[in-house]
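Chain by chain, the residues:
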Amino acid sequence: KGWLAGRDTAVAQFSEAGYPAALGTLDKTREEATQAITAQAAAFNKELASASAFFDADDHEAAKWRIDAALRLRPDSQDALDLKARIDRLPEVLKFLEDARTARIENNLEAEAAHLPALLQADPTRSDQKTRLNTVEAEIKERTFADHVRHGLEQVDKGKLQAAEKSLKAAKALFADRQETAYLATRVAQLARDRKVQGLIAEAREAAKDDDWKRVEALYDEAEKLLPDKQEITEGRRLARKIIDTSSAITDHLATPERLSSLNVAKLAEDLLADAKDLTPFSPSLHAGAKALTKTLADYAAPVSIRVMSDGETNISVRGVGKVGKTQQKFINLRPGKYTFEGARPGYRSKLVDVTIPPGKLLTVVEVICDELL
């Protein structure tokens, strides 16, 4: 306040026309004011620096006392006002900091991660805590990822596909390109494949019970594409194919039974029935077909008596069988089937007579006479 008094003295001296004295007083007053302002600024800076140092040391009481002193010197200092606002929030910050430290000591990363954002919201300038939060979040992410992988593998071992897929999805969301994720994905895919194969095998077994062997084969084919080396699948598919082929061959024989009159064809049918013997317990329809073919084969194996009538001049033969010769009446035995009787006589046109001999017939009469001159 001394420089203010000097100012008043200089004014009085000017009013009395004491200009030299007034100018001297002003120079002295200016010097005193400059010294006072410099001293005030130094004191302010000292108090502000001290408040900042106590704030950095998390000493709330000392920092508050020092910042109040600084503001008394310069109430309009924005730096001081900003620091005061941070100091006023320091108790709240210290509570969050203490909670975070306690959680860290207890190795409770989730709790620490919950406290640190609140701390940084109260004081965003704490770079160490920002770094720590990043570290904690990274550790939680790693731990969570490891838990998802471990849980997923456990679910795979238990055969729980849906739970394993859920863990895999969660692991991929964290680290899609990790080796552990790829391994879990492989195990889950294997479980899904095995489940699919089990379902196909179960369907194939039901289809076999229904005697639907084409569906059995289709199901085992699909299963074999997924799991080529499983014995049940390979054997099941082979059995289905054998039953299908054997049933088809029996059906063909039953559709053209007259061909069984041929010894060669009959031999093929007999061999087919021998092969079917081990398959019929698995297929009621195959069993019925084999039974029908056995009867048909027996019917066509029983010879039928044929009375061949002619004029005694026509030379008669049965194509593919043998000669009958010249006769007016002759009895021969032929297996049921289709035959062609051929008559030949010099000077006459040959004659062909087609005959179908059904099984079980007691007697069939065939007349072959060449009676048309050339």
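Each residue is numbered by its place in its chain's sequence as written, counting from 1. A pLDDT threshold of at least 70 governs which residues receive local features in this predicted model, and a stricter bar of 80 or more applies before side-chain atom pairs are shown or counted, although totals over entire chains, interfaces and linings include all residues. Computation of side-chain values: all heavy atoms of the structure, hydrogens and water removed.

**So, the environment of Asp-123**
Right, so step 1: Along the chain, Asp-123 falls in the loop between α6 (109-122) and α7 (127-157).
Right, so step 2: Buried, partly exposed and exposed residues are distinguished by accessible area as a fraction of the type maximum, computed with a 1.4 Å probe on protein chains only: under 20%, between the cut-offs, and over 50%, respectively. Residue Asp-123 is classed as buried on the basis of its relative accessible area, which comes to 3%.
Right, so step 3: The spacing of Asp-123 and Val-93 is 30 residues in sequence and 6.8 Å in space, taken between C-alpha atoms.
Right, so step 4: The contact rule is simple, with two residues in contact once any of their heavy atoms fall within 4.5 Å. Excluding residues that lie within four positions of it along the chain, Asp-123 makes contacts with Phe-55, Arg-86 and Val-93. Where helices and strands are cited, they refer to DSSP runs of H or I of at least four residues and of E of at least two residues respectively, numbered from the N terminus.

**Re the sheet that holds strand β3 (residues 322-326)**
Right, so step 1: Only strands that DSSP links by at least two bridges are regarded as paired with each other. Across the sheet, which stays open at both edges, the 4 strands sit in the order β3-β2-β5-β6 with antiparallel pairing between neighbours. Because the sheet does not close on itself, it has two edges, and the strands there are β3 and β6 (351-357). Geometrically, the sheet is characterised by an average inter-axis angle of 20° between neighbouring strands, direction not taken into account.
Right, so step 2: Examined bridge by bridge, strand β2 (residues 315-318) and strand β5 (residues 337-344) share 4 bridges and lie antiparallel to one another. Considered in β5, the bridge of Ile-316 is made with Gly-343. For helices, the axis comes from a line fit to the C-alpha atoms of the stretch in contact; other axes are also lines fit to C-alpha atoms, and the angle between any two N-to-C directions lies between 0 and 180 degrees.

**Overview of the pattern of salt bridges**
Right, so step 1: The salt bridge criterion pairs a side-chain nitrogen of Lys or Arg with a carboxyl oxygen of Asp or Glu, the two atoms within 4 Å. Within this structure, the stated rule accounts for 22 salt bridges.
Right, so step 2: The salt bridge involving Glu-222 is made with Lys-196; its shortest N-O contact spans 3.7 Å. With a gap of 26 residues between them, Glu-222 in helix α10 (residues 213-226) and Lys-196 in helix α9 (residues 179-209) connect regions that are remote in the sequence.
Right, so step 3: Of the residues examined, Glu-222 reaches a relative accessible area of 35% and is grouped as partly exposed.
Right, so step 4: Put simply, Lys-64, Asp-68, Lys-84 and Asp-88 are held in one network by salt bridges that share partners.

**Description of the nonpolar core**
Right, so step 1: If you look at the biggest cluster of nonpolar residues, it comprises 29 residues, and the most contacted ones within it are Trp-213, Val-216, Ile-250, Leu-260 and Leu-293.
Right, so step 2: Of all the secondary structure elements, the ones that give two or more residues to this core are α9, α10, α11 (231-255), α12 (263-276) and α13 (284-301).
Right, so step 3: Contacts of Leu-260, omitting those with residues within four sequence positions, involve His-253, Val-265, Ala-266, Ala-269, Leu-293, Thr-296, Leu-297, Tyr-300 and Arg-335.
Right, so step 4: Within the second largest apolar cluster, 15 residues are counted, among which are Ile-306, Val-308, Val-324 and Val-368. Only buried residues count toward a nonpolar core, which is a set of Ala, Val, Leu, Ile, Met, Phe, Trp, Tyr and Cys residues joined through side-chain atoms within 4.5 Å.

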